[in-house]
Amino acid sequence: MSPHSQEQDNDEQNAFDLQLKYLFGTLKKEQAHTKDVTSKLGIEKVFEQGDAAEYFEKILSKVNPDVSKIFQGHLRHTATCSISDHHVNSDEVGPFWTVPLSMEDNNYYSVREGFEDFFKSSTVSGDNQMYCDYCDGKTDAILECKMEHPPEILTLLLKRFEFDYNRMSYVKIESCVEVPRRLQTKNCDYELYAVVDHVGSLRGGHYTARIKPYDDHNWYVFDDSYVRQLNSKPFEQVESFRSQSAYLLMYRKLDSPDRQMNHGNDHKSSLSDSQLSTPSCSFETGASGTKEEERKALAPQKRQRQSFSCCQLPPHRTSHNLSVTGTRTGVVP
Ligand SMILES: [Zn+2]
């Protein structure tokens, strides 16, 4: 890449950062529009189908790397021959922006269990045996994925949109998921602070987002031109909630003493992790009739990211040209 094109990239990134900053700055005071942001993302027909996860990664590809790296972690993928732990035939570390969790079309799916399963080793055998350089032949192999570097913001993608080979088309998995307030990796604690929801079908649906800002103890729902405070605070009484609409889950890392302290203040009335209560469908899920929305901050990812982050293709209809009105608590008449 020539210095000139690098400079252009930097200018574009700075311009995009400023547009986002301006958007959210305006949003605190008055009606704001997302047109500048969506046009920078190359979205012309705002009612065309799009995928929130793709747009999320597209935004990350357009902002300054210092910003996007907050969302970036690294995964280590290894393939080891089952004959010996020393026969490591593949060992790759790569960046990821989202952790894709495969769902089955059941009535219930536990995000915590799905997250843990993602990092469990698996054995491939039979027709799927892999070539071992040390054994000079095909053997069973153990595949492992480890979190090499945990991101500041951990984004989980619930793969609700999958290809059904029986129907030879994409389908939406409507399973109810149990979303925990806290997640743990080997060295980090994470706390949920944003949810992108999708209601509706594969062909026609609606995104909303629920977000708890850093500087606020309340949750807000972003729903097209509405931004309003949620009446019920999720996790006030329980440590998890159930949702049929959750699609992207964003967790922030609680690793510093400062954040831990703030976290404690935020949840004076909440239960400890050991006091798990039966999750309810609170948090204004689709079941309560409240439409939740996505902030649509999302877009197609860079090629080199695809091997590690999941890409669900299926496009659902969504209006990108959000006209967000008022202050966080303001409601459009
Ligand atoms: Zn071997």
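Residues numbered from 1 in each chain as written. Predicted model: local features only at pLDDT ≥ 70, side-chain atom pairs only at ≥ 80, totals over all residues. Heavy atoms only, no water.

Going by what an unreviewed UniProt entry lists, the protein is known as USP domain-containing protein and is assigned to Hucho hucho.

Caption draft 1: Focus on the coordination of the zinc ion. Of the protein atoms, only C81 (SG), H87 (ND1), C132 (SG) and C135 (SG) coordinate the zinc ion, at distances of 2.2 to 2.3 Å. Geometry at the zinc ion is tetrahedral, judged from its 4 donor atoms and the angles of 102 to 114° they form at the metal. Going along the chain, you hit the donors of the zinc ion in the pattern C-x5-H-x44-C-x2-C. The same class applies to C81 as to H87, namely buried. (Donors = N, O, S within 2.8 Å, 3.2 Å for Na, K, Ca; no water. Tetrahedral: all angles 85-135°; square planar, octahedral: opposite > 155°, others 65-115°. Buried < 20%, exposed > 50% of the residue type's maximum accessible area, 1.4 Å probe, protein only.)

Caption draft 2: Structural view of the sheet that holds strand β7 (residues 122–124). Strand order across the open sheet formed by 4 strands is β4-β3-β10-β7, with antiparallel pairing between neighbours. Only two strands of the sheet have a single partner each, and these edge strands are β4 (88–96) and β7. With direction set aside, neighbouring strand axes in the sheet form an average angle of 25°. Sheet analysis places strand β3 (residues 73–81) next to β4, joined by 8 bridges and oriented antiparallel. The residue of β4 that forms the bridge with G73 is F96. (Pairing = 2+ DSSP bridges. Helix = DSSP H or I, 4+ residues; strand = E, 2+ residues; numbered from the N terminus. Axes fitted to C-alpha atoms, helices over the stretch in contact; angles between N-to-C directions.)

Caption draft 3: Quick peek at the sheet that holds strand β6 (residues 108–110). Taken together, 3 strands build an open sheet; the order of strands is β6-β14-β20 and the sheet is mixed. The strands lining the two open edges of the sheet, one partner per strand, are β6 and β20 (240–243). Taking the axes of each pair of neighbouring strands and ignoring which way they run, one obtains an average angle of 25° across the sheet. Pairing geometry for β6 and strand β14 (residues 176–180), over 3 bridges, is parallel. Its bridge partner lying in β14, S110 is registered against E178. Strand contacts of helix α5 (residues 111–118): β6 and β14, with the helix running at about 55° to β6, the strand carrying the most contacts. (Contact = heavy atoms within 4.5 Å.)

Caption draft 4: Highlighting the packing of aromatic side chains. Under the criterion given, the structure shown has 8 aromatic pairs. For the pair F56 and F71, a centre-to-centre distance of 5.6 Å together with 75° between the ring planes defines the contact as edge-to-face. With F56 in helix α3 (residues 52–62) and F71 in the loop between α4 (65–68) and β3, this residue pair connects regions lying 15 residues apart in the sequence. Judged on exposure class, the residue F56 and its partner F71 are both buried. Note on F163 and Y165: the rings are 4.9 Å apart at their centroids and 75° apart in plane angle, and the pair reads as edge-to-face. (Phe/Tyr/Trp six-rings, centres within 6.5 Å; stacked < 30°, edge-to-face > 60°.)

Caption draft 5: Broad picture of the confidence of the model for the protein. The predicted model of the protein averages 77 in pLDDT, with 75% of residues at 70 or higher. Contacts from residues 257–333, a stretch scored under 50 in pLDDT, to residues over four places away or in other chains number 260 contacts. (pLDDT = per-residue confidence, 0-100.)

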